[in-house]
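Listed below, chain by chain, are the residues.
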Amino acid sequence: MFKVHDVILSDDIATTWFACDITRCKGACCVVGDAGAPVDKSEIAVLEKAFKQLSDRLHPDAVEAAEAQGVVRQDRDGIHEITCVDDKACIFVETDDNGVATCAIQNAYYRGEFSWEKPLSCHLFPIRLKKVAGTEFANFDYLPDICSAGCDNGRKEGTYLSDFLERALKRRYGTDWYNDFLTACQQIRSDELS
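Heads up: these notes are all about the structure in this document. All values reported here derive from a predicted model rather than from experimental measurement. (Residues numbered from 1 in each chain as written. Predicted model: local features only at pLDDT ≥ 70, side-chain atom pairs only at ≥ 80, totals over all residues. Heavy atoms only, no water.)

**Side note on helix 10 (residues 166–173)**
Definition in use: Under the scheme applied here, a residue whose accessible area is under 20% of the maximum for its type counts as buried, over 50% as exposed, and between as partly exposed, the area being computed with a 1.4 Å probe on protein chains only. Runs of H or I in DSSP of at least four residues are treated as helices and runs of E of at least two as strands, each being numbered from the N terminus. What the arc describes is the spread of directions from the helix axis to the C-beta atoms. Every residue pair with non-hydrogen atoms within 4.5 Å of one another is taken to be in contact.
Buried within helix 10 we find Ala168, Leu169 and Tyr173. Considered in projection along helix 10, the buried side chains sweep an arc of 105° and stay on one side of the axis. Taken together, the buried residues of helix 10 touch strand 2 (7–9), helix 7 (120–124), strand 9 (127–132), strand 10 (135–140), helix 9 (161–164) and helix 11 (175–193). Of the residues one or two after helix 10, glycine 174 is the one with positive phi, at around 100°.

Okay, here's the thing in structure tokens:
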């Protein structure tokens, strides 16, 4: 573990090769699992707005699930998460002709139709954040069915997870934090070699 400002991170965030390879994983992070992406309370209103704006692009089962359960629901521990269809695919999934799942919100953002890219937890994946006693912990949530293609691709491209998630980490913590984080990552990698 290492610390950057007030955040404690697992070493594998610094040392893991990772670059998403959506053509291989087919967007598994949006469709595999037993719960929706965790969201902050501050994101709920934006997600509800996104659902209203994008519902005509979403799968009918997704619209039905959102109308029955809400766009965001709370789990047993009180954590807010995006509703999923049959506890699998996120309601915001769009699937292309090649069977690749992508985020309808992010697609609308890239087209200039929506001003917000996607929930922070999705943007940071495969890093997961957790607060314990007021301290934020960041861990690499390696799930072989989801992450192996990205790890292979990162190794092939020479891209570390810490670099791949630059935009998301800057969004969460800011540029100064990210620069200090990169310095810490380089030190950890250097220490591994010695």
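Okay, back to it.
**Let's talk about the nonpolar core**
What counts is decided by this rule: To qualify as a nonpolar core, a set must consist of buried Ala, Val, Leu, Ile, Met, Phe, Trp, Tyr and Cys residues joined through side-chain atoms within 4.5 Å.
One finds Phe2, Leu9, Ile13, Leu169, Trp177 and Phe181 to be the most contacted residues of the largest nonpolar core, which totals 31 residues. At the level of elements, strand 1 (2–4), strand 2, helix 1 (12–15), helix 7, strand 10, helix 8 (144–157), helix 10 and helix 11 are the ones that each hand at least two residues to this core. For this core, the element with the most residues is helix 11, which contributes seven residues. The residues touching phenylalanine 181, leaving out its near neighbours within four places in the chain, are Phe2, Val4, Leu9, Ile13, Ser162 and Leu169. Core analysis: the next-biggest nonpolar cluster, separate from the first, contains 27 residues, Val71, Val85, Cys90 and Phe114 among them.

**Digging into the side chain of arginine 73**
Which entries qualify depends on this criterion: For this analysis, a polar contact is any N or O atom pair within 3.5 Å, provided that within protein one partner can donate a hydrogen and the other can accept it, and provided that sequence-adjacent residues contribute only side-chain to side-chain pairs.
Mapped onto the fold, arginine 73 is located in strand 3 (residues 72–74). A polar side-chain atom of arginine 73 sits 2.5 Å from a polar atom in the side chain of glutamine 69. If near-sequence neighbours (up to four positions away) are discounted, arginine 73 is found in contact with Ile79, His80, Glu81, Thr83 and Asp87.

**A word on helix 5 (residues 60–69)**
Of all the positions in helix 5, only Ala62, Val63, Ala65 and Ala66 are classed as buried. Across the axial projection of helix 5, the buried residues extend over an arc of 160°, all falling on one side. Every exposed residue of helix 5 that faces more than 90 degrees away from the buried side is listed here: Pro60, Glu64, Glu67 and Ala68. In this structure, the buried side of helix 5 is in contact with helix 4 (44–54) and strand 5 (84–85). In the stretch just after helix 5, glycine 70 is the one whose phi turns positive, near 95°.

**What to know about the packing of aromatic side chains**
Heads up, the rule is: Here a Phe, Tyr or Trp ring, Trp counted by its six-membered ring, pairs with any other such ring whose centre lies within 6.5 Å, and the pair is stacked when the planes are under 30 degrees apart, edge-to-face when over 60, and tilted otherwise.
Scanning all chains against the criterion turns up eight aromatic pairs. Arranged with centres 4.0 Å apart and planes meeting at 15°, the rings of tryptophan 17 and tyrosine 160 form a pair that is stacked. Note that tryptophan 17 is positioned in the loop between helix 1 and helix 2 (22–25) and tyrosine 160 in the loop between helix 8 and helix 9, a separation of 143 residues in sequence. By relative accessible area, which is 18% here, tyrosine 160 ends up buried. Joined through ring pairs, the aromatic side chains of Phe2, Tyr173, Trp177, Tyr178 and Phe181 make up one cluster.

**What to know about the environment of glycine 36**
Mapped onto the fold, glycine 36 is located in the loop between helix 3 (28–31) and helix 4. For glycine 36, a relative accessible area of 11% puts it in the buried group. For the pair glycine 36 and arginine 189, spaced 153 residues apart in sequence, the C-alpha separation works out to 33 Å. For glycine 36, the residues in contact, after removing those within four places along its chain, are Glu81, Ile82 and Cys84.

**Remarks on a negative patch on the surface**
Filter applied, for reference: Patch membership needs two things, relative accessible area over 30% and no salt bridge, and members are linked within 9 Å if like-charged or within 5 Å if nonpolar (Val, Leu, Ile, Met, Phe, Trp, Tyr). Reported accessibility uses the Shrake-Rupley method at a 1.4 Å probe radius. Residues are deemed covered only where the shown protein chains occlude them. For this document, the term salt bridge refers to a Lys or Arg side-chain nitrogen within 4 Å of an Asp or Glu carboxyl oxygen. Only four residue types enter the charge count: Lys and Arg as positive, Asp and Glu as negative, with His and the chain ends excluded. For this purpose, a charge sits on NZ of Lys, CZ of Arg, CG of Asp or CD of Glu.
A cluster of acidic side chains, namely Asp61, Glu64, Glu67 and Asp86, defines a negative patch on the protein surface. You can see aspartate 61 is positioned in helix 5.

**Thoughts on the sheet that holds strand 2**
Our working rule: Any two strands between which DSSP finds at least two bridges are classified as paired. Lines fitted to C-alpha atoms define the axes, with helix axes restricted to the stretch in contact, and inter-axis angles between N-to-C directions lie between 0 and 180 degrees.
The four strands lie next to each other as 1-2-10-9, forming an open sheet whose pairing is mixed. This sheet does not close on itself; its edge strands, each paired only once, are strand 1 and strand 9. Averaged over neighbouring strand pairs, the angle between their axes works out to 30° when direction is ignored. Across three bridges, the pairing between strand 1 and strand 2 is antiparallel.

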